[in-house]
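In case you want the letters, here they are:
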Amino acid sequence: ANMAPARDEMWRNMAASSVTVSSAVVFFNPLDCLRIRWQVAGLATTPSCTTSTFSTSQGCRSKGTKGIVSFSRSIVAREGLVRGLWVPGVGANALGAALSRGIGMGCYPTLRDLLGESKSAFSMFAAGLASGCIGYALSTPFWLAKTRLQAAVQLKQGPASYSYRHVFHALGTIVRHEGMAGLYRGASCLAVRGALMNAGNTLGYDFTKSNAKALVGFSDGPVLHLSASVVAAFLSSTLSIPADVLMTRYQTTRPGVGGEWPSATVPSTSAASHSRSASALARHMLVTEGLARFFRGWWPLFVRVAPVYALYLPAYEQVRRLLGLGYLD
């Protein structure tokens, strides 16, 4: 009976997180779709394009900082904003976010308080790591469908393309062709990526809020919530980008004969490239493409995460108040 109020508070906190984050990711889905298409663009290059360029209907374009601007403009001009960036994967994105962050942020205060009576950077990070790992592992099927739906738009001319109509068609097709285990392809990558992203969120947000109130005297309100959300976005992006890149490649690569991994550089003949494991793919990418490949897409990831957090976390705080929980403390 003594646990009932705590459970009720956790369920209400999960509801507040699920509703607000799913709304935010729907609004900003074009940024997420752009990030995925940018990360897999190297897999769809034509023979005339080098590894520092991507292929468009107008020819090869640079993959540098200016390249992503040209890349996004090319998509909008050729396919339109809605069809090219907003619609792909939006349903799966909302469902995955609602489940993963519903657990990740919903269970966070309970786990944090179990780790110690006084809040610390360690308890904030560890609680976020644990709840994020559970939330993202359970939501793997939705993230897999989202990633493939978004990548398919970019890879439609390549050998690794997929043909799905919507999230539930994607899930059904994966089960028919790859079995139930196929729904959890890349679950280890996603769990690590989700754990790190959620830990960056909880540490960046809660730590910034707590210290701003205690050391600077900030009042707990929308201005502080917005400021802390930017710090959370920076930490989430930085901690999770290597696993994010690996997960995107792993989930969008269709294993060929012998499980060979397509490369954005040159085809590999090493034994590692013929393994189907995520760890072997990571080694293959490191050898053939270098360490920098794992940080490819940090800027698009941050640009996508920052506005989502700036909308989601302040809204989450307000919904907590409406549900009688008060601001996160």
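Residues numbered from 1 in each chain as written. Predicted model: local features only at pLDDT ≥ 70, side-chain atom pairs only at ≥ 80, totals over all residues. Heavy atoms only, no water.

Draft legend 1. Representation of the overall build of the protein chain. Along the backbone of the protein chain there are 13 helices and two strands. Per-residue burial over the protein chain gives 53% buried out of 329 residues. Within the protein chain, counting contacts between residues at least 6 apart in sequence, those at least 24 apart form 75% of the total. Total accessible area on the protein chain stands at roughly 14,200 Å², and carbon and sulfur atoms take up 67% of it. (Helix = DSSP H or I, 4+ residues; strand = E, 2+ residues; numbered from the N terminus. Buried < 20%, exposed > 50% of the residue type's maximum accessible area, 1.4 Å probe, protein only. Contact = heavy atoms within 4.5 Å. Areas by Shrake-Rupley, 256 points an atom, 1.4 Å probe, with all protein chains shown as cover.)

Draft legend 2. Here's a closer look at the nonpolar core. Membership of the largest hydrophobic core comes to 40 residues, with the highest contact counts inside it found for Met105, Tyr205, Val308, Tyr309, Tyr312, Leu313 and Tyr316. For this core, the secondary structure elements donating two or more residues are helix H1 (4–27), helix H5 (90–106), helix H7 (121–138), helix H10 (187–216), helix H11 (222–252), helix H12 (278–289) and helix H13 (298–322). If you tally residues by element for this core, the top one is H13, at nine residues. For Leu313, the residues in contact, after removing those within four places along its chain, are Met105, Asn201, Tyr205, Ser229 and Ala232. (Core = buried A, V, L, I, M, F, W, Y, C linked by side-chain atoms within 4.5 Å.)

Draft legend 3. Up close: empty space enclosed by the protein. Applying the stated criterion to the full structure yields two cavities of 30 Å³ or more. Among the secondary structure elements, those contributing two or more residues to the lining of the largest cavity are H1, H5, H10 and H13. Counting residues per element, the lining of the largest cavity draws most heavily on H13, which supplies four residues. Broken down by class, the residue content of the lining of the largest cavity amounts to nine nonpolar, no polar and three charged. A volume near 40 Å³ is recorded for the second largest cavity. Together, Asp32, Arg35, Asn93, Trp143, Lys146, Arg193, Met247 and Arg304 line the second largest cavity. At the level of secondary structure, the elements contributing two or more residues to the lining of the second largest cavity comprise helix H2 (29–40) and helix H8 (140–155). For the lining of the second largest cavity, the per-class residue count stands at two nonpolar, one polar and five charged. (1 Å grid on protein atoms, 1.4 Å probe; cavity = no way out; pocket = protein on both sides within 12 Å on 5 of 7 lines; lining within 4 Å. Points joined across faces, edges and corners; volume = space filled by probe spheres on them. Nonpolar A, V, L, I, M, F, W, Y, C, P; charged D, E, K, R; others polar.)

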